[in-house]
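Examination of the molecular architecture
Below, each chain spelled out in residue letters.
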Amino acid sequence: MNKQQVIQLILKDKINNMPINTDVKAYAPTNIALCKYWGKRNQILNLPNTESLSISMATKGTTTSIKVIDKAYDCLILNDHEINQSSSFYQRLTAYLDLFRTSAPYHFQIKTQTNLPIAAGLASSASGFAAMALALNALFQWELTDTELSILARLGSGSACRSLWHGFVEWQLGQREDGLDCYAYPLIHTWPSLCIGLLIVSEHEKQVSSREAMQRTVTTSPYYATWPQLVKKNMLQLKEAIRSHHFHEFGKIAESNALAMHSTMHTAWPPIHYNLPITQAYMKQIWQLRADGLPLYFTQDAGPNLKLLFLKEDLQILQHYFPELIIIEPFKEWKLK
Ligand code: PMV
């Protein structure tokens, strides 16, 4: 089964819809996994080996506007700069758009505005593909359900399927080969005092993409075999901590899950290390502050940046220790659904 076939299953006769004659705009927040998606059972359809759970970043994300243009190629504008057609970013996006121009060879102008560093492990591709799926849905008037949109976003980038909602989002594993039961949905629980702090130590594009790192880990790390079991356990623990607002348990599970994911990478071959010396120094500082009594934890994705987890009551002390911290209150200022 390929992406095109899955799209046909979702769109059915809507596949022949004409785009509307105006440009449309959509916003999606980025999301940060608290229990990570790491490893695929199907690389073409981005079907994961495990379920995962994330928190969306409210106002940090991507706004995408799209319109049909009378040109023989797509025009991509990222943060007001036109993207070169030979860049991997352009190629990845146009390959995704190719999936939707079966009825006629439309070309698009896409303007994408993101307030996140691209490719620095801050999941900008997640909000990017989620915003794109929403924008295409509006442009072609498909009127798809959230579940269907989550599947379309997943075909662009796995973690994008979690970026269609605010708050806590779970991505269920599913069993079907076509992945039609593999999508995300929001959890009902909120946590108004929960804060995330982005500690950006590098905005440079990473040398090993998460796609490559994931695959290398699955095929070469002797410890990857233990990962699915750990995720099963962590998912239950995390959901219980969220339900009961047990912050120490919540932080512990999220941090240890991220460290376990990185251990599978450290033991891949060739090994993958995303940490910079400063990442390591910040980790030690966080552990020391915690030992001194501050309820502070972190999570980390496929990059050197850390995402701090803490409660609003500790905001000032956090700003004192980490003046450069970008603070997000995930349950404030919801704009999406
Ligand atoms: O969706 P991708 O291919 O960018 O992979 C994301 C992988 C992690 O960010 C490391 C984990 C996750 O669940 O988001």
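Just above, that's the structure.
Residues numbered from 1 in each chain as written. Predicted model: local features only at pLDDT ≥ 70, side-chain atom pairs only at ≥ 80, totals over all residues. Heavy atoms only, no water.

This paragraph deals with the overall build of the protein chain. When helices and strands are tallied, the protein chain shows nine helices and 13 strands. In terms of overall dimensions, the protein chain is globule-like: its C-alpha atoms have a radius of gyration of 20 Å, near the 20 Å expected for 337 residues. With respect to the principal axes defined by its C-alpha atoms, the protein chain has extents near 60 × 40 × 40 Å. Here the protein chain holds 337 residues, and 55% of them are scored as buried. Put simply, 75% of the contacts in the protein chain that link residues at least 6 apart link residues at least 24 apart. When the 31 basic and 28 acidic side-chain charges of the protein chain are each reduced to a single mean position, those positions are 2 Å apart. (Helix = DSSP H or I, 4+ residues; strand = E, 2+ residues; numbered from the N terminus. Rg over C-alpha atoms; globule rule 2.2 N^0.38 Å. Buried < 20%, exposed > 50% of the residue type's maximum accessible area, 1.4 Å probe, protein only. Contact = heavy atoms within 4.5 Å. Lys, Arg positive; Asp, Glu negative; His and termini not counted. Charge placed at Lys NZ, Arg CZ, Asp CG, Glu CD.)

Right, let's get into the packing of aromatic side chains. Taken as a whole and assessed by the stated rule, the structure comprises 15 aromatic pairs. Aromatic pair Trp 191 and Phe 247: ring centres 6.2 Å apart, planes at 85°, arrangement edge-to-face. On the criterion of sequence distance, the pair formed by Trp 191 in the loop between β9 (184-186) and β10 (194-199) and Phe 247 in helix α7 (residues 247-266) is long-range, its members being 56 residues apart. Summarising the burial analysis for this pair, Trp 191 and Phe 247 share the class buried. Every member of this aromatic cluster is reached through a ring pair, and the members are Tyr 96, Phe 100, Tyr 106, Phe 108, Phe 129, Phe 140 and Trp 142. (Phe/Tyr/Trp six-rings, centres within 6.5 Å; stacked < 30°, edge-to-face > 60°.)

What follows is about the packing of helix α1 (residues 3-11) against helix α4 (residues 146-156). At a closest axis distance of 11 Å, the pairing of α1 and α4 adopts a crossing angle of 165°. By the criterion of interaxial angle, the relationship of α1 to α4 is roughly antiparallel. Crossing angle aside, the handedness with which α1 passes α4 is left-handed. Facing Lys 3, Val 6, Ile 7 and Ile 10 of α1, the residues of α4 in contact are Glu 148, Ile 151, Leu 152 and Leu 155. A breakdown of the residues in the contact of α1 with α4 according to their chemical character gives six nonpolar, no polar and two charged. (Axes fitted to C-alpha atoms, helices over the stretch in contact; angles between N-to-C directions. Parallel < 35°, antiparallel > 145°, perpendicular 65-115°, else oblique. Left-handed = near helix turned anticlockwise from the far one by under 90°. Nonpolar A, V, L, I, M, F, W, Y, C, P; charged D, E, K, R; others polar.)

Across the sheet, four strands lie side by side as β11-β12-β10-β13; this open sheet has antiparallel pairing. Edge positions in the sheet fall to β11 (297-300) and β13 (326-328), since each of these pairs with one other strand and no more. Taking each pair of neighbouring strands and ignoring which way they run, the sheet shows an average axis angle of 30°. The sheet contact formed by β11 and strand β12 (residues 306-311) spans four bridges and is antiparallel. Opposite Thr 299, over in β12, you have Lys 307 as the bridge partner. Contacts from α7 reach β10, β11 and β12, with the element oriented near 35° to β11. Across the sheet, helix α8 (residues 277-291) touches β10, β11 and β12, and the angle it forms with β11 is around 155°. (Pairing = 2+ DSSP bridges.)

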